[in-house]
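Residues per chain are reported as follows:
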Amino acid sequence: MKIDKNVEDDGVIFMSIKDGNSDAVKDNASKKQQDGAGTISKDSGDVLILAIESSCDETAAAVVKNGREVLSNIISSQIALHTIYGGVVPEIASRKHVEKMNGCIRAALSEAHLTLKDIDAVAVTYGPGLVGALLVGVSEAKAISFATGKPLIGVHHIEGHISANFIENKDLEPPFVCLVVSGGHSHLVVVKDYGEYEIIGQTRDDAAGEAFDKVARAIGLGYPGGPKIDKAAREGNPDAFTFPQAQIPDAEYDFSFSGLKSSVLNYINQAKMQGQELNQADVAASFQKAVVEVLVSHAIKACKEYGYNKLAIAGGVASNSGLRELMEKECKANKIQFYRPSPVLCTDNAAMIGAAAYYEYIKGVRFGLDMNAVPNLPLGDRERKFHGRGN
């Protein structure tokens, strides 16, 4: 992956992410025919999807071809704006989406050497996420669909994260097990087919990413917690402290990180009261080890007991180096094929939404202009009243 970054005046990072092998984009450019309408020549079987993502604090747009080829992937990240508050401020996120959305879409189309006339469908994240942020993307997608007459496809945000694996792993096909770990989700999922999911495990309290953020704040590393914990852990001793790893007897694949988080916070408070110096790196490394070992052990056990030899990871926490290293080691020891997106595709982006939307599109899933944002949209059991089927 090639990443071009530009920090704008308001502190927002504007990123253009391109596939290391840019042959697909070059092919588009070479096929483009100046015929007055500025249309592009493409194979009749190709499906080009303009995808939009705005579920949290990244404004993103991408063009994806046939579900696996990324022609463009634009991300406007607001991380600098929210860092001073120690977390995402929904109102600020929504306002910034409004400012950046059109620019991201124009850039995505430009880098793909396409216009809206060339697109076959418009896809957008419609849940879960921050309702105000989601509404910006949903409104934009509906407006484009209405103005162009192109089909509209709503995508579940977590299904997008899972589908990020299809972009770089061209050989990956369902069924397989996927561990989804992010700031709001910790799910162990069986991907039965494209768009068909069975949740076999999930967190009972805090998501893994949420625990990372809270512990990072407590030990003075700040926001965003995941990358900062990961960086500090590389300098620390993972065996300096033994923090609890919760097991749930009646639901062996479920997770619980609340007790672990509380244990770390209790240690920090005791150290402060006793005037002890806090070793940030050791606490970070020991905490990360406890989280990662639970995630990996559950995922490997699920593969073995359910009889799958393919395991993927997805979500923001899937970029954690400790998780990736241990998962790769355990998969190799258990003869399981391990799939993971590049770290940049683990964070929120629109390419993953385009990848997921392609498989909905070819199944005939279409949404009406009454589609709305659904901030608590469940995975695997989506409310079908939000779907309209047809040609």
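Everything here concerns the structure above.
Cut-offs applied
- Residues numbered from 1 in each chain as written.
- Predicted model: local features only at pLDDT ≥ 70, side-chain atom pairs only at ≥ 80, totals over all residues.
- Heavy atoms only, no water.
- Pairing = 2+ DSSP bridges.
- Helix = DSSP H or I, 4+ residues; strand = E, 2+ residues; numbered from the N terminus.
- Axes fitted to C-alpha atoms, helices over the stretch in contact; angles between N-to-C directions.
- Contact = heavy atoms within 4.5 Å.
- Buried < 20%, exposed > 50% of the residue type's maximum accessible area, 1.4 Å probe, protein only.
- Parallel < 35°, antiparallel > 145°, perpendicular 65-115°, else oblique.
- Left-handed = near helix turned anticlockwise from the far one by under 90°.
- Nonpolar A, V, L, I, M, F, W, Y, C, P; charged D, E, K, R; others polar.
- Salt bridge = Lys/Arg side-chain N within 4 Å of Asp/Glu carboxyl O.
- Polar contact = N/O pair within 3.5 Å; in protein donor to acceptor, adjacent residues only side chain to side chain.
- Core = buried A, V, L, I, M, F, W, Y, C linked by side-chain atoms within 4.5 Å.
- Phe/Tyr/Trp six-rings, centres within 6.5 Å; stacked < 30°, edge-to-face > 60°.

1. Remarks on the sheet that holds strand 5 (residues 69-77)
One key point about sheets: their strands pair by backbone hydrogen bonds, in either a parallel or an antiparallel sense.
Consideration 1: Pairing is mixed in the open sheet, where seven strands are placed in the order 1-2-5-4-3-6-7. Both outer strands of the open sheet, strand 1 (2-7) and strand 7 (152-156), are each paired with one neighbouring strand and no more. The mean inter-strand angle of the sheet, taken between neighbouring strand axes irrespective of direction, is 20°.
Consideration 2: Here four bridges tie strand 3 (residues 48-53) to strand 6 (residues 121-127), and the two strands are oriented parallel to one another. Bridging across to strand 6, Ile52 finds its partner in Val124.
Consideration 3: Helix 3 (residues 90-111) rests against strand 2 (13-18), strand 3, strand 4 (58-65) and strand 5 of the sheet, and its axis sits at about 25° to strand 4.

2. Section: helix 5 (residues 157-168)
Consideration 1: Across the 12 residues of helix 5, 11 count as buried, placing the element largely inside the fold.
Consideration 2: Turning to helix 5, its buried residues number three or more, namely His157, Ile158, Glu159, Gly160, His161, Ile162, Ser163, Ala164, Asn165, Phe166 and Ile167.

3. Points about the sheet that holds strand 8 (residues 176-181)
Consideration 1: Spatially, five strands are ordered 10-9-8-11-12 in an open sheet, and the strand pairing comes out mixed. For this open sheet the edge positions go to strand 10 (196-202) and strand 12 (337-339), each flanked by a neighbour on one side alone. For this sheet, the mean angle separating the axes of adjacent strands, direction not counted, is 25°.
Consideration 2: In this sheet, strand 10 lies alongside strand 9 (residues 186-193) in antiparallel orientation, the contact comprising six bridges. Across the sheet, residue Asp193 finds its bridge partner in strand 10, namely Glu196.
Consideration 3: Docked against the sheet, helix 5 engages strand 8, strand 9, strand 10, strand 11 (310-314) and strand 12, running at close to 125° with respect to strand 8.

4. A short note on the side chain of Lys96
Consideration 1: Of note, Lys96 is situated in helix 3.
Consideration 2: Excluding anything up to four places from it in sequence, Lys96 contacts Asp10, Val12, Thr59, Gln78 and Leu81.

5. A word on the packing of helix 6 (residues 208-218) against helix 7 (residues 225-233)
Consideration 1: Packing of helix 6 against helix 7 brings their axes to within 8 Å, and their N-to-C directions diverge by 65°. The angle between the axes of helix 6 and helix 7 places the two elements in the roughly perpendicular class. Both helix 6 and helix 7 take part in a crossing whose hand is left-handed. Of helix 7, the residues touching helix 6 (which contributes Phe212, Asp213, Val215 and Ala216) are Gly225, Gly226 and Ile229.
Consideration 2: By residue class, the composition of the contact of helix 6 with helix 7 is four nonpolar, two polar and one charged.

6. Notes on the pattern of salt bridges
Consideration 1: For the structure on display, the rule yields 15 salt bridges.
Consideration 2: The partner of Asp239 in a salt bridge is Lys289, and the shortest N-O contact between them spans 2.4 Å. Residue Asp239 is located in the loop between helix 7 and helix 8 (258-273), and its partner Lys289 is located in helix 9 (residues 280-306); the two are separated by 50 residues in the primary sequence.
Consideration 3: Here Arg340 and Glu328 are joined by a salt bridge, their closest N and O atoms 3.2 Å apart.

7. Side note on the side chain of His161
Consideration 1: Secondary-structure assignment places His161 in helix 5.
Consideration 2: Judged by relative accessible area, which is 3%, His161 ranks as buried.
Consideration 3: Of the polar contacts made by the side chain of His161, one reaches the side chain of His157; its length is 3.1 Å.
Consideration 4: Within the structure, His161 has its side chain in polar contact with the side chain of Asp348 (distance 3.1 Å).
Consideration 5: In this view, His161 contacts Ala314, Gly315, Gly316, Cys346, Thr347, Asp348 and Met352; residues no more than four positions away in its chain are not counted.

8. What to know about the nonpolar core
Consideration 1: Formed by 47 residues in total, the largest nonpolar core has its most connected members in Leu179, Leu188, Ile229, Phe287, Leu311 and Met327.
Consideration 2: When contributions to this core are tallied by element, the ones reaching two or more residues are strand 8, strand 9, helix 6, helix 7, helix 8, helix 9, strand 11 and helix 10 (321-333).
Consideration 3: For Phe287, the residues in contact, after removing those within four places along its chain, are Ala211, Phe212, Val215, Ile229, Phe243, Leu260 and Val264.
Consideration 4: Counting residues in each nonpolar core, the second largest holds 44 residues, with Val191, Tyr197, Ala312 and Leu345 among its members.

9. Brief notes about the packing of aromatic side chains
Consideration 1: Scanning the entire structure with this criterion turns up 11 aromatic pairs.
Consideration 2: An angle of 75° between the planes, with centres 5.2 Å apart, marks the rings of Phe212 and Phe287 as edge-to-face. Placement of Phe212 in helix 6 and of Phe287 in helix 9 is noted, with a sequence separation of 75 residues between them.
Consideration 3: Using a relative accessible area of 0% as the deciding quantity, one classes Phe287 as buried.
Consideration 4: Judged by centre distance (5.8 Å) and plane angle (25°), the ring pair of Phe241 and Phe243 falls under stacked.

10. Let's talk about the packing of helix 9 against helix 10
Two quantities define a packed helix pair, namely the angle between the helix axes and the distance between the axes.
Consideration 1: Running from N to C, helix 9 and helix 10 cross one another at 35°; their axes reach a closest spacing of 10 Å. Seen from above, helix 9 lies across helix 10 with right-handed handedness. For the pair helix 9 and helix 10, contact is made by Gln288, Val292, Glu293, Leu295, Val296, Ala299 and Ile300 and by Gly322, Leu323, Leu326, Met327, Glu330 and Cys331, respectively.

Without other data, these values stay purely geometric and don't point to any function.
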